[in-house]
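# Observations on the three-dimensional arrangement
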Amino acid sequence: MHPLGPRLRRVVLVVVLALGLVVLDGCTDDAGDRPSASAGDDASEEATAHVVTRVTRVVGRLPDARRQAVRLRTQEIVEGYLRRAMAQDQQSWADLPGFTEGAQDLARRHRDVLTVAGVPGLEDVQPGRSAAYVAVLAPRGRVAGATANVDLVLRVTAEGVTQPWRVGGRLLLTNTPGGLKVFGFDLHRSGAGGGA
Amino acid sequence: MTSLRARARRVAALAVVLVLTALLVPNPSVRVPTIVLVRTDTVRGVDHDRDVLWFLALGSDARPGQSPLGTRADAIQMVGVNLRTGTGTVIGIPRDSWVAIPGHGSSRVNAALTYGGPDLMGRTVGDLVGVQPDYVLVTSFWGFRAMIRTIGGITVHSRLAFTDDNMVGSIDQGVNELTGSEALFFSRARHFLPRGDFDRSANQQETLRGILRQVRARQDEPGFMERSVSVAMQNLHTNLSPVELYRLAQALTVVDPTRFRGCVLNGSFGTIGGASIIFPDRAQARRLGDDARNDARLDRGCT
């Protein structure tokens, strides 16, 4: 004789399904399907900080190859910033590749806003969906400047709570002897750690 | 059978407890709140080689077919901006001011543009105020209209209602939303203003404030700054490269219009050789320059 009758088996099945749903519900956070990156773990952050970047407007003329170069350079700079924004250690914020010296100084002054370092009780940081849309000024086929309108999202877990951490606004870029660089920014941070 | 039913009841009760526990007790490691109080912080800054910049903004009197650099300057505004603090100062020079022009004796200040172009005009105004401009920007009537049109017009606050017998247009007291042509009228008309050139110079400063307000209001629109700088490049006569002009334009948006204070240089009316001129208050010019030179701020007001 089977130890459980058909009615009991149905009850157990319902319970197992219900528990299964509860367990699955706990995994619906955006970060669940992404590789984890502990705060300060630079190697894994580098593998995951991705920013969809598009050149959406060109004022003037810009051949396709240069347009593509602007897109790739901007993506490289923004992803570099985002990797450092995710890191907790001071060292990762020591330099910001693709920023002019002056812009790096300005950014360092606002480290509490521009990185997750100011979030109290920080436990985990996961990249979210981030994007940069670039408008370029290119008189006579040469890039004079560009604005990257960015929407950068991280999912931050601190003190047991997971919240989005978002930086949006503009990165201002211009041509320098070292190539296209950020020389200014107008950014606003919202979500986790806001209002510091 | 009885023990089996009792066992089944126990299992069912346990299952209910487990489900309720799972549903009601939050997950200790990850809890996604359904309501988040969103607070924001804004940071902005522009890297420039200097914190304080001075530039001379000139509106040329050139008519179509004439070079804006070879005619007299109708609007003369010395602008200082502090990129670190977001403050700004503008000192208006009445165009009929009788001043020393290096190498040319004394004449109306606006003649310096004719005698020696933007460089001489910059030195002349710089000597008067005691602050040499880093840049000189010259525009024409049509260039001014095009730039105002590109940014979508401006809004100005006029202290007075006025018209003019030489130009078509009218301004209401209070708030006025102006097109390019209307903004040009607001900046040029002087015949029916009680203090003539002095009031006109103050209106030109309000025009600069209106431009700043409009640019700041729209600067987040994708491509707005690039379009605006492109049109400025076509309509401003300057020795700045496109890269320098782009950086300067972006830097100027750091200035808060509510902290952009203006003074018009005082003076007394007179005549020389039958021509009416203004004898500017040179002491006031130096006081204003000394006050604002290093921080683009007028701590002592306009006196």
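For the structure, see preceding data.
Keep in mind it's a predicted model, so treat the numbers as computed, not measured.

If you tally the helices and strands in chain B, you get 8 helices and 13 strands. Counting across all 303 residues of chain B, residues that qualify as buried make up 50%. Within chain B, contacts between residues at least 6 apart in sequence are counted, and of these 63% link residues at least 24 apart. Accessible surface, chain B: about 14,200 Å² in total, of which carbon and sulfur atoms supply 53%.

Of the regular secondary structure elements, chain A holds 5 helices and 6 strands. Reading the secondary structure of chain A in the N-to-C direction produces α-α-β-α-α-α-β-β-β-β-β. Taking all 196 residues of chain A together, the buried fraction comes to 53%. Across chain A, contacts joining residues at least 24 apart in sequence account for 60% of those joining residues at least 6 apart. Roughly 9,100 Å² of accessible area belongs to chain A as shown, and the carbon and sulfur atoms make up 53% of that amount.

Another point: the state of the cysteines. All names here are of chain B. Going through the model one piece at a time under the given rule, you end up with 1 disulfide over all chains. Covalent S-S linkage joins Cys263 and Cys302, the inter-sulfur distance amounting to 1.9 Å. Given an S-S torsion of about -90°, the disulfide between Cys263 and Cys302 has left-handed geometry. Taken as a pair, Cys263 in strand 11 (residues 260-264) and Cys302 in the segment after helix 8 (282-292) lie far apart in primary sequence, 39 residues in all. Under the relative-accessibility criterion, Cys263 is labelled buried at 2%. The exposure class of Cys302 is partly exposed, given its relative accessible area of 34%.

Let's shift gears to unusual backbone geometry. Positive phi, normally seen in glycine, also occurs at Arg140 of chain A, with a value near 55°. We note that Ala296 of chain B has phi near 55°; this positive angle belongs to a residue other than glycine. Assignment of secondary structure puts Ala296 of chain B in the segment after helix 8.

Taken residue by residue, a regular strand's side chains alternate between the two faces of the sheet. All names here are of chain B. With 6 of its 6 residues buried, strand 4 (residues 87-92) lies for the most part within the structure. Judged by which residues are buried, strand 4 turns out to be covered on both faces: Thr87, Thr89 and Ile91 on one side and Gly88, Val90 and Gly92 on the other are all buried. Here strand 3 (residues 73-82) pairs with strand 4 via 6 bridges, running antiparallel. Bridge assignment links Asn82 to a residue of strand 4, and that residue is Thr87. Between strand 3 and the antiparallel strand that follows it, strand 4, lie 4 residues; Gly86 among them carries a positive phi value of about 75°. As paired elements, strand 4 and strand 11 share 5 bridges and run parallel to each other. By the bridge assignment, Ile91 is partnered in strand 11 with Cys263.

The next point concerns the side chain of Ser107 of chain B. Inspection of the secondary structure assignment puts Ser107 of chain B in strand 6 (residues 106-108). Excluding residues within four positions of it along the chain, Ser107 of chain B makes contact with Ser97, Trp98, Val99, Ile101 and Tyr115 of chain B.

A few words now on the environment of Gln68 of chain A. As for its placement among the helices and strands, Gln68 of chain A is situated in helix 3 (residues 64-86). Sequence separation between Gln68 of chain A and Pro177 of chain A is 109 residues, and the spatial gap between their C-alpha atoms is 19 Å.

On to the packing of aromatic side chains, then. Residue and element names in this part refer to chain B. By the definition in use, this model includes 4 aromatic pairs over all chains. Seen from their ring centres, Phe162 and Phe185 are 6.0 Å apart, and the 20° between their planes marks the pair as stacked. Pair noted here: Phe162 is in the loop between strand 8 (154-158) and strand 9 (174-178) and Phe185 is in helix 4 (residues 180-188), with a separation of 23 residues, a long-range link. What makes Phe162 buried here is its relative accessible area of 5%. The class of Phe185 is buried, set by a relative accessible area of 4%. For the ring pair Phe162 and Phe186, a centre distance of 6.1 Å and an interplane angle of 25° mean the geometry is stacked. Within this pair, whereas Phe162 is found in the loop between strand 8 and strand 9, its partner Phe186 is found in helix 4, the two being separated by 24 residues in sequence. Considered together, Phe162 and Phe186 belong to a single accessibility category, that of buried residues. Among the aromatic residues, those joined into a cluster by ring pairs are Phe162, Phe185 and Phe186.

Reading guide: rules and limits
Residues numbered from 1 in each chain as written. Chains lettered and ligands numbered in written order. Predicted model: local features only at pLDDT ≥ 70, side-chain atom pairs only at ≥ 80, totals over all residues. Heavy atoms only, no water. Helix = DSSP H or I, 4+ residues; strand = E, 2+ residues; numbered from the N terminus. Buried < 20%, exposed > 50% of the residue type's maximum accessible area, 1.4 Å probe, protein only. Contact = heavy atoms within 4.5 Å. Areas by Shrake-Rupley, 256 points an atom, 1.4 Å probe, with all protein chains shown as cover. Disulfide = S-S within 2.5 Å. Pairing = 2+ DSSP bridges. Phe/Tyr/Trp six-rings, centres within 6.5 Å; stacked < 30°, edge-to-face > 60°.

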